[in-house]
Amino acid sequence: MEIRKTQVAMPVLLAIMTLMASQVVFAGKFPDSMALHDRQMAEMQALKASLVRRNLPALVSPPPTPPQAVPGPRVYKVISYGADPTGKSDSTEAILKALEDAFDGPEHGPLIAGINDLGGARIDLEGGSYLISRPLRFPSAGVGNLLISGGTLRASDDFPVDKYLIELKDEASKLQYIFEYITFRDLLIDCNYRGGAIAVINSLRTSIDNCYITRFGNTNGILVQSGHETYIRNTFLGQHITAGGDRGERNFTGTAVNLMGNDNAVTDTVIFSAAIGVMISGQANLLSGVHCYNKATGFGGTGIYLRLPGLTQNRIVNSYMDYTGIIAEDPVQLQISGTFFLGDAFILLKSMSGVVKGINIVDNMFSGSGNGVPIVKLDESRKAFHDVDQVVVDRNSVNGMAMKSTVAKGSVDGNGTSWTVDFNPVLLFPNLIKHVQYTLVADGFPVHALRNVSGNRVMVETNAPVTATVYVTVDQ
Ligand SMILES: *[C@@H]1O[C@H](CO)[C@@H](O)[C@H](O)[C@H]1NC(C)=O
Ligand SMILES: *[C@@H]1O[C@H](CO)[C@@H](O)[C@H](O)[C@H]1NC(C)=O
Ligand SMILES: *[C@@H]1O[C@H](CO)[C@@H](O)[C@H](O)[C@H]1NC(C)=O
């Protein structure tokens, strides 16, 4: 329909534009010294001649450029679709219609296979607050380059508890990735304890930016499953609206962000209540600038839970674990650095089948209440860690907690034949010393040797009694 309208309109438009252009061109061709009337006559005749000679054929033959859809704004304003910005009446149908229209919008170019590029179309919530009773979804998979922004969505009292207010989802699609480059920006999503806020399933390059996600039920605030590169940034998530020290903190449930996929990032994001801040079960995710004060470890909460035993490959950097810690199951390749742990928050390495490899827990700050809580703990209740390799816990600054490390130095003075340095208070793994170096500084020249490292106790002996100091460096 639109195309046919355009085909008629274009030649007329062209002719008018040419007329205007001709007037400009011919106006300059005749000297100012000509009498005004003569000049005008000359211009008119030149124009008439040009129309007859050159431009008339353009009116009958189609324009050389291929017809295009009507140009115009691709901003789908939900109020014009009947959405109620006061949040009183249900706006689900209206917003779904706006999504449908955007979905049917003209194609602009190639995105990944099967995805129509909507050219930057925008669903504009126009600063309203809308009541939603079932998930907002596109009619099917297959669009990209679209923004949804600028308002509030609130779940109704009968919103299904197992759904999300916005779902990038299509169970029937056979596409490798079902959406690409969809952006959610400047949205407050209030789940009314009825479900989750945003589900991103098998999508590519999704942005969730400057959103406030709250009152999710005992589910996820944001769920990311399969696909890759969902970037959650500058966002606030909390099941309950609180600023910490909440009386109901023990009762917080749910998970603020659940990353069940690879290559995602959560950056500059605050998680202010939920039983679990970020649950991760996919590799190659990056958490940076994440502040977790969701539910204190003392109340059974977890800031970040890495549930990918055997192959972790995640990085947590420059973050802030505030009374709530990190749990990693059988971690293999994990970086935790530049992070501030406050209020006895600690890292728990939980043995599932006893593997821990390629871990760097370095350059963090820990601060606690002086009750001797270790900065890193092992949970070997299921099985002892037996496969330990390249685990570096070192260079952390510790205040009011018990230092734990995989690298340690110690010394002992004595007069006799045996010197023992006990590294148990500081070494992370019990009974594991892989490398030892020692120096014996004595008042004579005794024969001496390293005799035993069992139980994290390094013993050096001399063949004759001497007064000596033994300096020892070990690592696990
Ligand atoms: C927490 O939950 C329990 C059991 O549902 C309830 O009895 C208690 O009042 C709740 N506490 C707060 C502070 O909300
Ligand atoms: C070291 O011990 C021996 C006896 O075992 C003693 O004679 C000697 O004075 C001691 N040396 C020092 C410096 O305490
Ligand atoms: C090393 O010390 C442990 C515990 O103190 C002991 O059981 C073990 O026999 C010692 N090993 C040797 C080679 O002396």
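Residues numbered from 1 in each chain as written. Chains lettered and ligands numbered in written order. Predicted model: local features only at pLDDT ≥ 70, side-chain atom pairs only at ≥ 80, totals over all residues.

An unreviewed UniProt entry annotates the protein as Rhamnogalacturonase A/B/Epimerase-like pectate lyase domain-containing protein originating from Microthlaspi erraticum.

J.: Even after reading the chapter, I still don't get the overall build of the protein, so can you show me in this structure?
T.: A tally of helices and strands in the protein yields three helices and 31 strands. Expressed as a percentage of the 476 residues in the protein, the buried residues total 39%. Once local pairs closer than 6 in sequence are excluded, the contacts in the protein between residues at least 24 apart make up 66%. (Helix = DSSP H or I, 4+ residues; strand = E, 2+ residues; numbered from the N terminus. Buried ≥ 20, exposed ≤ 12 C-beta atoms within 10 Å, placed from the backbone. Contact = placed C-beta atoms within 7 Å.)

J.: Teacher, can you tell me more about the pairing of strand β2 (residues 116-124) here?
T.: Within a regular strand, side chains alternate between the sheet's two faces. In terms of strand pairing, strand β1 (residues 75-77) meets β2 through three bridges, oriented parallel. For Lys77, the partnering residue across the bridge sits in β2 and is Asp124. In the sheet, β2 pairs with strand β4 (residues 143-155) via six bridges, with the strands oriented parallel. Bridge pairing links Ala121 to Leu146 in β4. (Pairing = 2+ DSSP bridges.)

J.: Just checking my understanding: could you explain the environment of Asp157 for this structure?
T.: Along the chain, Asp157 turns up in the loop between β4 and β5 (164-168). Looking at Asp157, the number of C-beta atoms within 10 Å reads 9, which means it is exposed. Distance in space between the C-alpha atoms of Asp157 and Asn192 is 7.1 Å, their sequence separation being 35 residues.

J.: Help me understand the nonpolar core, please; the structure alone is not making it clear to me.
T.: Note on soluble globular proteins: their nonpolar side chains tend to be buried together. One finds Leu165, Ile189, Ala197, Ile198, Ile222, Val278 and Ile304 to be the most contacted residues of the largest nonpolar core, which totals 114 residues. Sequence-distant contacts of Ile198, defined by excluding residues within four places in its chain, comprise Tyr164, Ile166, Phe184, Ile189, Ile208 and Ile222. (Core = buried A, V, L, I, M, F, W, Y, C linked by C-beta atoms within 7 Å.)

J.: I would appreciate a short explanation of unusual backbone geometry in the present structure.
T.: If a residue is not glycine, its phi is most likely negative; likewise, a peptide bond is most likely trans. Although it is not a glycine, Tyr181 sits at a positive phi angle of roughly 50°. Mapped onto the secondary structure, Tyr181 falls in strand β6 (residues 179-190). For Ala274, which is not glycine, the phi torsion reads 155° and is therefore positive. As for its placement among the helices and strands, Ala274 is situated in the loop between β13 (265-273) and β14 (276-280). Given 29 C-beta atoms within a 10 Å radius, Ala274 is considered buried.

J.: Explain the environment of Gln176 here, please?
T.: Summarising the element assignment, Gln176 is placed in the loop between β5 and β6. Sequence separation of Gln176 and Gly114 is 62 residues, and the distance between their C-alpha atoms is 8.3 Å.

J.: What am I meant to see in the environment of Phe366 here?
T.: With respect to the element layout, Phe366 can be found in strand β24 (residues 365-367). Classification of Phe366 as buried rests on a count of 27 C-beta atoms within 10 Å. As for Phe366 and Met401, which are separated by 35 residues in sequence, their C-alpha atoms are 7.2 Å apart. In this structure Phe366 touches Phe341, Ile375, Asn396, Val398, Asn399 and Met401, once residues within four positions along its chain are discounted.

J.: Even after reading the chapter, I still don't get helix α3 (residues 92-103), so can you show me in this structure?
T.: Turn by turn, an α-helix covers 3.6 residues, leaving residues three or four places apart pointing in a common direction. Taking 1.5 Å per residue as the helical rise, α3 with its twelve residues ought to reach 16 Å, and the 16 Å between its terminal C-alpha atoms agrees with that figure. Taken as a whole, α3 has its buried residues at Ile95, Leu96, Ala98, Leu99 and Ala102. Relative to the axis of α3, the buried residues are bounded by an arc of 155° and lie together on one face. Of the surrounding elements, those touching the buried residues of α3 are β1, β2, β3 (129-132) and β4. (Expected span 1.5 Å × (residues − 1). Arc of directions from axis to C-beta.)

J.: What is the right way to look at the confidence of the model for the protein in this model?
T.: Atom-level detail of predicted coordinates should not be read off regions where pLDDT is low. Counting all residues, the mean pLDDT for the protein is 89, and 85% of those residues have values of 70 or more. pLDDT under 50 marks residues 1-34. Its contacts with residues more than four places away, or in other chains, come to 32 contacts. pLDDT under 50 marks residues 47-68. Its contacts with residues more than four places away, or in other chains, come to 21 contacts. (pLDDT = per-residue confidence, 0-100.)

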